[in-house]
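# Observations on the model geometry
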Amino acid sequence: MDFLTDPVFLSRLQFALTTAFHITFPTLTIGLGVYLVVVEWLWLRTGDLVYFRQFRFWSRLFAVNFAVGVVSGIPLEFQFGTNWGPFSATVGNFFGQVLGFEGTMAFMLESAFLYIMLFGWKRVGPKMHFTATILVAFAASLSAFWILVANAWMQTPSGGHIANGIFVVDNYLAAIFSPDLPLAFTHMYLACLEVSLFVIGAVSGINILLGRHTEFYLKSFKIAAVAALVVTPLQALIGDANGQEIGRLQPAKVAAIEAHWNTNKPGTGAPWNMLAWPDPEHERNYFQIEIPYGLSLLITHSPTGIVPGLKDFPKEDRPPIVLPFYSFRLMVGIGFIMVGVMLWTFWEWKKGRLTVDAAPGRKWLFLAWAAMAGGAYVAVVMGWITREVGRQPWLAYGLLRTGQGHSDLTAGEVWVSLSGFIVAYTILFSLFVFFMGKLLRKGPDMEELPPAAHAKG
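Residues numbered from 1 in each chain as written. Predicted model: local features only at pLDDT ≥ 70, side-chain atom pairs only at ≥ 80, totals over all residues. Heavy atoms only, no water.

## A look at the packing of helix α2 (residues 49–82) against helix α7 (residues 214–249)
- At a closest axis distance of 11 Å, the pairing of α2 and α7 adopts a crossing angle of 80°. The orientation of α2 relative to α7 falls into the category roughly perpendicular. Contact residues: α2 offers V50, Y51, R53, Q54, F57 and W58, while α7 offers F216, Y217, K219, S220 and I223.
- Residues that form the contact of α2 with α7 fall into these classes: 7 nonpolar, 2 polar and 2 charged. (Axes fitted to C-alpha atoms, helices over the stretch in contact; angles between N-to-C directions. Helix = DSSP H or I, 4+ residues; strand = E, 2+ residues; numbered from the N terminus. Parallel < 35°, antiparallel > 145°, perpendicular 65-115°, else oblique. Contact = heavy atoms within 4.5 Å. Nonpolar A, V, L, I, M, F, W, Y, C, P; charged D, E, K, R; others polar.)

## Focus: the layout of surface pockets
- Space inside the second largest pocket adds up to approximately 970 Å³.
- Lining the second largest pocket are 37 residues, and of these H187, G239, F328, M331 and V332 lie nearest its centre.
- Broken down by element, the residue count for the lining of the second largest pocket peaks at 9 residues, all from α7. (1 Å grid on protein atoms, 1.4 Å probe; cavity = no way out; pocket = protein on both sides within 12 Å on 5 of 7 lines; lining within 4 Å. Points joined across faces, edges and corners; volume = space filled by probe spheres on them.)

## Digging into the side chain of E102
- For E102, the position within the fold is in helix α3 (residues 85–119).
- Buried charge without a salt bridge: E102, with R387 as the nearest opposite-charge side chain at an N-O distance of 16 Å. (Buried < 20%, exposed > 50% of the residue type's maximum accessible area, 1.4 Å probe, protein only. Lys, Arg positive; Asp, Glu negative; His and termini not counted. Salt bridge = Lys/Arg side-chain N within 4 Å of Asp/Glu carboxyl O.)

## Concerning helix α6 (residues 181–209)
- Look at α6: 42 Å from first C-alpha to last across 29 residues, which is about the 42 Å you get at 1.5 Å a residue.
- Counting buried residues along α6, 22 of its 29 residues qualify, which places the element largely inside the surrounding structure.
- Two residues or fewer after α6 comes G211, characterised by a positive phi angle close to 75°. (Expected span 1.5 Å × (residues − 1).)

## So, the packing of aromatic side chains
- Inspection of every chain in the model, using the stated rule, returns 34 aromatic pairs.
- When the centroid spacing of 5.2 Å and the interplanar angle of 25° are considered together, the rings of F346 and W349 count as stacked. With a gap of 3 residues between them, F346 and W349 both fall in helix α10 (residues 322–350), about one helical turn apart.
- Classification of W349 as partly exposed rests on a relative accessible area of 26%.
- Both rings, one in F421 and one in Y425, keep their centres 5.7 Å apart while their planes meet at 65°; by these two values the pair is edge-to-face. Highlighted residues: F421 and Y425, both in helix α12 (residues 411–442), separated by 4 residues, approximately one helical turn.
- Classification of Y425 as buried rests on a relative accessible area of 9%.
- Its end group placed over the ring of F325, R329 keeps NZ or CZ at 3.7 Å from the ring centre.
- The cationic tip of R401 hangs over the ring face of W394; the distance from NZ or CZ to the ring centre is 4.2 Å. (Phe/Tyr/Trp six-rings, centres within 6.5 Å; stacked < 30°, edge-to-face > 60°. Lys NZ or Arg CZ within 6 Å of the ring centre and 35° of its normal.)

## Observations regarding a nonpolar patch on the surface
- Together, M274, L275, W277, Y286, F287, I289 and I291 give the surface a local cluster of nonpolar side chains, amounting to about 650 Å² of exposed area.
- For the nonpolar patch, the element with the highest residue contribution is strand β4 (residues 284–291), accounting for 4 residues.
- Note on placement: I291 falls in strand β4. (Patch = residues over 30% accessible without salt bridge, like charges linked within 9 Å, V, L, I, M, F, W, Y side chains within 5 Å. Areas by Shrake-Rupley, 256 points an atom, 1.4 Å probe, with all protein chains shown as cover.)

## Section: the environment of G305
- Mapped onto the fold, G305 is located in the loop between α9 (294–300) and α10.
- For the pair formed by G305 and V8, sequence separation is 297 residues and the distance between their alpha carbons is 38 Å.
- Aside from chain neighbours lying at most four places away, what touches G305 is N264, S296 and T300.

## Some points on the pairing of β4
- In this structure, strand β3 (residues 272–279) lies alongside β4, joined through 6 bridges in antiparallel fashion. Paired with D279 across the bridge in β4 is R284.
- Here β3 folds back onto β4 in antiparallel fashion, the turn holding 4 residues, of which E283 has a positive phi close to 55°. (Pairing = 2+ DSSP bridges.)

## With respect to the nonpolar core
- W58, F87, F94, F95, W153, F198 and W369 are the most contacted members of the largest nonpolar core, which totals 104 residues.
- By residue number, the principal contributor to this core is α6, which donates 15 residues.
- Look past the residues within four positions of W58 in its chain and what remains in contact with it is L32, Y35, L36, I200, V203, S204 and S220.
- A255, A256, W261 and I321 belong to the second largest nonpolar core, which has 8 residues in total. (Core = buried A, V, L, I, M, F, W, Y, C linked by side-chain atoms within 4.5 Å.)

## What about α10?
- Here α10 is 29 residues long and its end C-alpha atoms lie 43 Å apart, about the 42 Å a rise of 1.5 Å per residue gives.
- Three or more residues of α10 are buried, namely P324, F325, S327, R329, M331, I334, M338, V341, M342, T345 and E348.
- Each element contacted by the buried residues of α10 is listed here: α6, α7, α8 (251–257), β3 and α11 (363–389).
- Directly beyond the C-terminal end of α10, a positive phi value near 75° is found at G352.

## Focus on a positive patch on the surface
- There is a patch of like positive charges on the surface, built from R212, K438, R441 and K442.
- Examined against the element boundaries, R441 turns out to sit in helix α12.
- Relative accessible area serves as the criterion here: at 59%, R441 is assigned to the exposed category. (Charge placed at Lys NZ, Arg CZ, Asp CG, Glu CD.)

## Section: the pattern of salt bridges
- With the rule as written, the count across this model stands at 10 salt bridges.
- Of the charged contacts, one joins R318 and E283 as a salt bridge, the two residues approaching to 2.7 Å between their closest N and O atoms. Taken together, the residues span a long stretch of sequence, with R318 in the loop between α9 and α10 and E283 in the loop between β3 and β4 at a distance of 35 residues.
- Among the ionic pairs, R353 bridges to E348, the shortest N-O distance being 3.3 Å.
- R353 gets classed as partly exposed once you look at its relative accessible area, which sits at 30%.
- Of the residues examined, E348 reaches a relative accessible area of 8% and is grouped as buried.
- Connected through salt bridges with shared partners, the residues D180, R387, E388 and R391 form a single ionic network.

## Notes on unusual backbone geometry
- A cis geometry characterises the amide bond from Q392 onward to P393, with omega recorded as 10°.
- Along the polypeptide, P393 turns up in the loop between α11 and β5 (394–396).
- We note that E283 has phi near 55°; this positive angle belongs to a residue other than glycine.

Structure (structure tokens):
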């Protein structure tokens, strides 16, 4: 239980808990923003009131989610100064600017046009309102980009050098577009879309089962299903490419994620441990269920590709193993189940079972969507655990160790802030559930009409 008195571990735990809580809100905000752009475009193009009412209903959920995301996100960034002061002092020349870009370029843009999107129907014309919706969705996506710029740089620091204990930027573009960024951002952005689509589908499906506004919710369910049919397999492809990239950039992380101890010899393939229980102390696995050549195929796309084992790296440079090993498998498992649910959905659609009359009888399909809405959130958190724990023992990979970047705090001081965050975020989550539940119970206003100017398109 020594970790309970270790201020570095407690600060990492605090950041992990606050991040895991906060990340659930922007993931939904990003995808819902895109959905609102789509339904408003359909409304302007067709004049069909169902799309106007779709926008009005889902935009209210967007607003609540956005508000909680803002409140939970602001304290998160302050921890770089309170708990990770030496890290901030070392890399602030670049890292601090990136976080500043996120605030000034993304958050301010989103906040400025959010009011017009939510309350501007009677104050601006349809083109201006649609522009505001596009800018809100764009700003939410831009926010994700800058956050991933910062995190990807921590994974693969580039564009500068350390001089007198300070990171000096030599090339801003190289620092911003670090090697990890393109696939990492794409992977995370698709995850945001997946979460949002399955939440929309789940809310719609449960209301269909309850017999509430079946035609309205069947419309949103089908829009989500069509989009998810593209996003879910694309996410699997990007995840595969990202795995190969990590194998090239952070081979120790891949070895830890796969509990792979010994580098395979030339001409032989590295097996993939489908299940295992790693034993770091003795540098082995207690047990393992292997797929021959599997790891070589996954990482190198060659059955005999060389995959470095953990024993090739000094013990002090090895990441933890058990947590990323199982969090990765849980993330991937949920992803494959999502693909299965999508195939099931389109089988039912093809058979004519997703009509207004027949859809309420598809109980297990809609319950599967509800389960996968929760599963999508779990997959996002598991992905971040895999990514961040796998980066250890580095704050900036190969540049600054985690212990070196920690502030001079005692365990007691960290416990005070950690306890405060737990209490505050528990209250915040309770308020979120209350207001979201209230909106969901109320449902869409099927009598609501657009202002005259918008009705004319």
